[in-house]
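For reference, the chains in residue letters:
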Amino acid sequence: MNALKREIWSAQISHACRYSVDCKMFGAYCYLSEIKGAIPLLHGPVGCAFFPKLAPPDAIRTQLLGINQPPPFPCTDMDERDVIYGGADKLRDAIVEVDRYYRPELIGVIISCPAAIIGDDIEEIVNSVRNRIDAEIIYTPSSAGFSDDERVENLDRHTDDLINIWKNPDAKPKWGIEKCGRLDTLYSLIEQLVEEPSEKIENSVNIDTYGRFHYFEDLSGELNEIKEVMSEIGIRVNTVFPGCSVSDIKGMARAQFNFMRRSERSAEFLKEKFGIDYIFDIFGTRYVGISGAKRFYLDIAERFGLQKRAEKVIREKEGYLKDSLKETREAVKGKNIAYMFTPLSTTPKFIELLEMLGCDIKVICINTQWWQRWGMSRRSAGKLVTELKSNLKDLRSSPDICVEDLNIEEETDYLKEKNIDLVIGDVLISDISRTMFYENHGIRYFSPFLFGYSSFRISFNQIIRLGKMIASRLRSPLIERKFLYLQYKYHNYRFPTLLSDMSQELLWEEIMRKVWRGKDEIR
Amino acid sequence: MRFVDPVQGDKLLGAFRAACGIKGASVIIHSPVGCHWGVNFLERMSSIETNSTISALRERNVIFGGEENIEKVIEIILKRKKEVYLFLLASSIPSIICEDWTAVIDSIDADIHLISMDCGGYLGKMGDGYEECLEKVYDWIEDPRKKEDKIRPSVNLIGLQRDIFRGEANVKELRRILGRIGVNVNSVFPPASLTELRRAATADLNVVLGYGKNLAEKMKKRWGMPWIYCEEYPYGLVGTKKFVRHIGMMLGVDPDLLDKKLQGEKERALQSLRNARPYLPALYGLPVAISADLPQATGMARFLSLEVGANIETIHVTSSPPSGDGVSQLRDICPEILVEDSWDKFDTLLKNTEIELIFGTDLEKPIFQNRGVPLMLFSYPTTSRVALTSSPYMGFRGVLTLMEEMVNLILHGNV
């Protein structure tokens, strides 16, 4: 996938999905699109099946399967008669015909809202045709769009979880995303496809990955590195899922261990049914940075009694890392670096990593506005900032920490006063827009995520890449520019929201807060 | 029954397309979040600034109903507007559980002008929703003030889609051409604003382009406005002349003036086309497939066949007005016609036919990507192209845009 296509898809998703939220049915479609040879089949009206295939293909499909188009989305074309009399026969016929026409390896039956309300017995229907088709088949019992998922939950609980994890990486989060359409489908795949193994593969592990619209991340880079390091340690990666084949999923129980990053329910199922133990790291907080990556390999190796070998492999990696970072350390020497971010997506560990790269962090700007707009209470935002500051007190650079929630004009003015050579930023969204804004104001800005780095990915190579990117950005010329993009009137606190879009944005946020999430205000 | 790989949305998308771009009005999709996500995604990607929001139904609403959600959303909207012009488009869930959403809004003590529609996805296709929504906006058209002596006659263009690639340029071109014969375009439906909608009854003639017959008939009954029906969009010199002549004759434009103006436009177009003239024979016999909404498919097929000399191998009518004329008029141009069929059937047909150019929609992108058949997007959805300049596909100037793109396709292998 080339960089431009990646950026275009990101821009399309970000523009078109503004002031809207997708549903579980779409999540199910996406997850199935990440399985090679799978065809999703919707039991529902044409309207639900029309738009998903017009959205950009997801990042796992493009990066791990190498397919740059979304899959087709056939449906049963549910009509009024089906809503009254039931659509079982239609679904049976459609399954058989999908099998005959597409010759898929897997058919994933997704139910829509109407099918769920009228109570068509999907399990019975699927089982009744199982023997008439060549493909494997699964169904997702709770993918109806009205089914609740955790996005409607209070973000404050998520905040509390993360604060606890900062204090204790082994703390178990209470908040999760188990009920989202994607993970529902993952569970269905595992529950309905994984087979009893004829034999176990010694020292083997399954790796769970994620990143539906994370076009900006190097998903395959992380996985290739994990496979390579594991192999050096003597551990075989059995299945990486999704982004795999149907037979990979069927053979998951051959592994002895699971590394799960999204669905603990699926991990528990595999443990109960096949005795496969697991590590669960839902927010990617356990294994951030170099120490995190080390810990990851040691944690897994320990399960196989391979710690010594792992330590040796890691020492070699660290040696290579140290050599590779010399250039970065030279480049950042004496430079004033600022780091500005939206907390939660950035953890204190990432800031420590920047110091390890040799960065002298003069200023840290923390901004919680984005979260507050999405429903985080002021109290939680305050707590988050306090906790974050206390986690940063041991930083070698002793930076000035600004927690004022500055608007973008104030932010650039403030950083200009501080004579900053490079601002490293992570604001969750609109990173290119912000880079352009900073450049227009004569400040060099760099967003690691724009270049494929993610602090949530377990990788030594990504750290080398991050260092090289910082060094390269410091060397890049700062040209006075007058970007067309910035000739419009933007809202200072909500950059890059146009002033003219503000009323729509505020309306949308209020409805999300009071109607969608507001369970205390409505029954 | 086999499966359907859909080539169109359902009733909700049709209604949303007609309602979501009207500045000054608000649209509430009464549904779970996903129904809104889908339709809003497509329209925003079609360069429409949508004015929509959602009642965000959840699991509990399936059991207890979503009336409270509507009340809450309207309360939030009323904080911002005193007088609300509101479309309430109810999706499958409230439709199946038989909610009385109109009663909820009637019980609110506020100045709300409501158009509500049952848009359960199982109740109809995109064309049904589009047609019904166009009919319903009749309620918001105002009686004309005392008739003033107008210098120029005017028309409303009903069913002229703005949310397709070059949609706004098409509107502009038809305004320009009609202006040349002394006819103003009063309103276009779907309208771009409430103002444009409210003044519709001041026009002298309604011109229905595929969609909007019921609206035109209602306006005729109430205000005595005559209407004419155009079964196809005006592509090409022939199609455009026929379209303009029909309107001119209806409005009593002097036939000599009409002929003179049309001849002048035609000559100018041909003059501009001269540089591409050497390539026109290369297009003779070009095997083409068309995938489009009925009025667009009809107009484009006629232009490509009669004026360009292309061979129309296959047509897929992806959507059509509920009271449409069918495809019989296309049979003499193309023997192989699918109507609102599953997309895979069209794909199979194309696999078995030597096609060198597709006039289609975003749905045909895989054929371009996988088999390298060039694709010209002109019918809904066309989300993967952006138009900024006034280069239409319709009208006299549209001939130039179409020919420019086709010839460049041949020269460079891509648009």
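Given the structure is predicted, the values throughout are model-derived calculations rather than measurements.

Engineer: So what exactly am I meant to see when it comes to the overall build of chain A here?
Structural biologist: Looking only at helices and strands, chain A has 23 helices and 14 strands in total. By the compact-globule yardstick of 24 Å for 523 residues, chain A fits well, its C-alpha radius of gyration being 24 Å. For chain A, the C-alpha atoms occupy an extent of roughly 70 × 60 × 40 Å along the three principal directions. In chain A, which comprises 523 residues, the proportion classed as buried is 62%. Excluding contacts between residues fewer than 6 apart, the proportion of contacts in chain A whose partners are at least 24 apart in sequence is 77%. Surface summary for chain A: the accessible area is close to 20700 Å², and the carbon and sulfur share equals 47%. Of the charged side chains in chain A, 73 are positive and 79 negative, and the gap between their average positions amounts to 4 Å.

Engineer: Quick question: what am I supposed to make of the overall build of chain B here?
Structural biologist: Helix and strand content of chain B: 17 helices and 13 strands. Since a compact globule built from 415 residues should have a radius of gyration of about 22 Å, the 22 Å found for chain B is in line with a globular shape. In chain B, which comprises 415 residues, the share counted as buried stands at 61%. Summarising the internal contacts of chain B: among those between residues at least 6 apart in sequence, 72% fall at separations of at least 24. Carbon and sulfur atoms form 49% of the exposed surface of chain B, whose accessible area is close to 15600 Å². For chain B, the distance from the average site of its 49 positive side-chain charges to the average site of its 54 negative ones is 6 Å.

Engineer: How should the packing of helix α1 (residues 11–19) of chain B against helix α2 (residues 33–45) of chain B be read in this particular structure?
Structural biologist: All names here are of chain B. Where α1 contacts α2, the two axes come as close as 10 Å, and the packing angle between them is 50 degrees. Here α2 runs oblique to α1, going by the angle between their axes. Our pair here, α1 against α2, has a crossing hand that is right-handed. Across the interface between the two elements, L12, L13, F16 and R17 from α1 touch C35, V39, N40, L42 and E43 from α2. When the residues that make up the contact of α1 with α2 are grouped by side-chain class, the tally is 6 nonpolar, 1 polar and 2 charged.

Engineer: Help me understand the interface of chain A and chain B, please; the structure alone is not making it clear to me.
Structural biologist: Accessible area lost upon the coming together of the parts is a frequently used measure of interface size. Across the contact, 65 residues belong to chain A and 59 residues belong to chain B. Of the roughly 5600 Å² buried where chain A meets chain B, counting both sides, 65% is carbon and sulfur surface. Taken together, the connections running from chain A to chain B amount to 3 salt bridges. Here R80 of chain B makes a salt bridge to E510 of chain A, at a shortest N to O gap of 3.0 Å. Between the two partners, chain A and chain B, sit 14 residue pairs in polar contact (both at pLDDT 80 or more). Taken together, the elements giving at least two residues each to the side of chain A that touches chain B come down to α1 (3–16), α3 (46–50), α5 (80–85), α6 (88–102), α7 (113–118) and α23 (502–516) of chain A.

Engineer: Can you walk me through the confidence of the model for chain B in this structure?
Structural biologist: Note that predicted coordinates carrying low pLDDT should not be read in detail. Per-residue pLDDT for chain B averages 95, and the proportion of residues at 70 or more is 98%. For this predicted complex, the interface confidence score (ipTM) comes to 0.95, while the overall pTM stands at 0.95.

Engineer: How should I be thinking about the sheet that holds strand β13 (residues 375–377) of chain B in this particular structure?
Structural biologist: Note: strands within a sheet are paired through backbone hydrogen bonds, in either parallel or antiparallel orientation. All names here are of chain B. In space, the 5 strands of this open sheet follow the order β11-β10-β9-β12-β13, with parallel pairing throughout. Of all strands in the sheet, those bounded by a partner on one side alone are β11 (337–339) and β13. Ignoring strand direction, the axes of neighbouring strands in this sheet form an average angle of 10 degrees. When strand β9 (residues 287–293) meets strand β10 (residues 311–319), the two strands line up parallel, connected through 7 bridges. Residue I290 lies in a different strand from β10, and its bridge partner there is I315.

Engineer: Explain the side chain of T328 of chain A here, please?
Structural biologist: Along the chain, the position of T328 of chain A falls in helix α16 (residues 326–332). Excluding its chain neighbours within four sequence positions, the residues that come into contact with T328 of chain A are L357, G467, K468 and A471 of chain A.

Engineer: Would you take a moment to explain the environment of T353 of chain B for this structure?
Structural biologist: Residues and elements named next belong to chain B. Looking at where T353 falls in the secondary structure, it is placed in the loop between α15 (343–351) and β12 (357–360). Measuring from C-alpha to C-alpha, the distance between T353 and A289 comes to 9.4 Å, with 64 residues separating the pair along the chain. With residues up to four places along the chain from it excluded, the contact list for T353 reads E313 and T314. There is a polar contact of 2.6 Å between the side chain of T353 and the backbone oxygen of L349.

Engineer: Sorry if this is basic, but what is going on with the sheet that holds strand β6 (residues 236–241) of chain A here?
Structural biologist: All names here are of chain A. One open sheet accounts for 4 strands, arranged β6-β5-β8-β9; its pairing is parallel. Two strands bound the open sheet, and with one partner strand each, they are β6 and β9 (277–280). Strand-to-strand twist of the sheet, defined as the mean angle between neighbouring strand axes without regard to direction, takes the value 20 degrees.

Engineer: Sorry if this is basic, but what is going on with unusual backbone geometry here?
Structural biologist: Note: most residues except glycine have negative phi, and most peptide bonds are trans. Backbone torsion omega between F241 of chain A and P242 of chain A reads -10 degrees, so that peptide bond is classified as cis. Mapped onto the secondary structure, P242 of chain A falls in the loop between β6 and β7 (244–245). At the junction of F189 of chain B and P190 of chain B, the peptide bond is cis and its omega measures out at 0 degrees in the coordinates. The residue P190 of chain B is located in the loop between β6 (184–189) and α9 (194–198) in this model. Phi angles above zero are rare outside glycine, and N203 of chain A is one such case at about 50 degrees. A relative accessible area of 18% places N203 of chain A in the buried class. Phi angles above zero are rare outside glycine, and D405 of chain A is one such case at about 50 degrees. Secondary-structure assignment places D405 of chain A in the loop between β12 (400–402) and α20 (408–417).

Engineer: Would you mind showing me how to read the environment of D58 of chain A here?
Structural biologist: All names here are of chain A. Tracing the chain through its elements places D58 in the loop between α3 and α4 (59–64). Sequence separation between D58 and S245 is 187 residues; the distance between their C-alpha atoms is 16 Å. In terms of polar contacts, D58 uses its side chain to reach the backbone amide nitrogen of R61, at 3.0 Å.

Engineer: Sorry if this is basic, but what is going on with the nonpolar core here?
Structural biologist: Within soluble globular proteins, side chains that are nonpolar tend to cluster in buried spots. Grouped together as the largest cluster of nonpolar side chains are 186 residues, with contacts concentrated most on I470 of chain A together with F87 of chain B. With 7 residues, helix α2 (residues 24–33) of chain A is the largest single contributor of residues to this core. In contact with F87 of chain B, other than residues within four places in its own chain, are A19, I22, A25, S26, V27, I28, I115, C133, V137 and W140 of chain B. Counting residues in each nonpolar core, the second largest holds 64 residues, with L209, L237, V327 and M376 of chain B among its members.

Engineer: Just checking my understanding: could you explain the side chain of N206 of chain A for this structure?
Structural biologist: Residues and elements named next belong to chain A. For N206, the position within the fold is in strand β5 (residues 204–208). Assessed through its relative accessible area of 0%, N206 is described here as buried. Polar contacts involving the side chain of N206 include one to the side chain of N238, which spans 2.9 Å. Setting aside residues no more than four positions away along its own chain, N206 makes contact with N238, T239, F241, M252, A255, F257, N258 and F259.

Here is what the cut-offs are and how they apply
- Residues numbered from 1 in each chain as written.
- Chains lettered and ligands numbered in written order.
- Predicted model: local features only at pLDDT ≥ 70, side-chain atom pairs only at ≥ 80, totals over all residues.
- Heavy atoms only, no water.
- Helix = DSSP H or I, 4+ residues; strand = E, 2+ residues; numbered from the N terminus.
- Rg over C-alpha atoms; globule rule 2.2 N^0.38 Å.
- Buried < 20%, exposed > 50% of the residue type's maximum accessible area, 1.4 Å probe, protein only.
- Contact = heavy atoms within 4.5 Å.
- Areas by Shrake-Rupley, 256 points an atom, 1.4 Å probe, with all protein chains shown as cover.
- Lys, Arg positive; Asp, Glu negative; His and termini not counted.
- Charge placed at Lys NZ, Arg CZ, Asp CG, Glu CD.
- Axes fitted to C-alpha atoms, helices over the stretch in contact; angles between N-to-C directions.
- Parallel < 35°, antiparallel > 145°, perpendicular 65-115°, else oblique.
- Left-handed = near helix turned anticlockwise from the far one by under 90°.
- Nonpolar A, V, L, I, M, F, W, Y, C, P; charged D, E, K, R; others polar.
- Buried area = accessible area lost by both parts, 1.4 Å probe.
- Salt bridge = Lys/Arg side-chain N within 4 Å of Asp/Glu carboxyl O.
- Polar contact = N/O pair within 3.5 Å; in protein donor to acceptor, adjacent residues only side chain to side chain.
- pLDDT = per-residue confidence, 0-100.
- Pairing = 2+ DSSP bridges.
- Core = buried A, V, L, I, M, F, W, Y, C linked by side-chain atoms within 4.5 Å.

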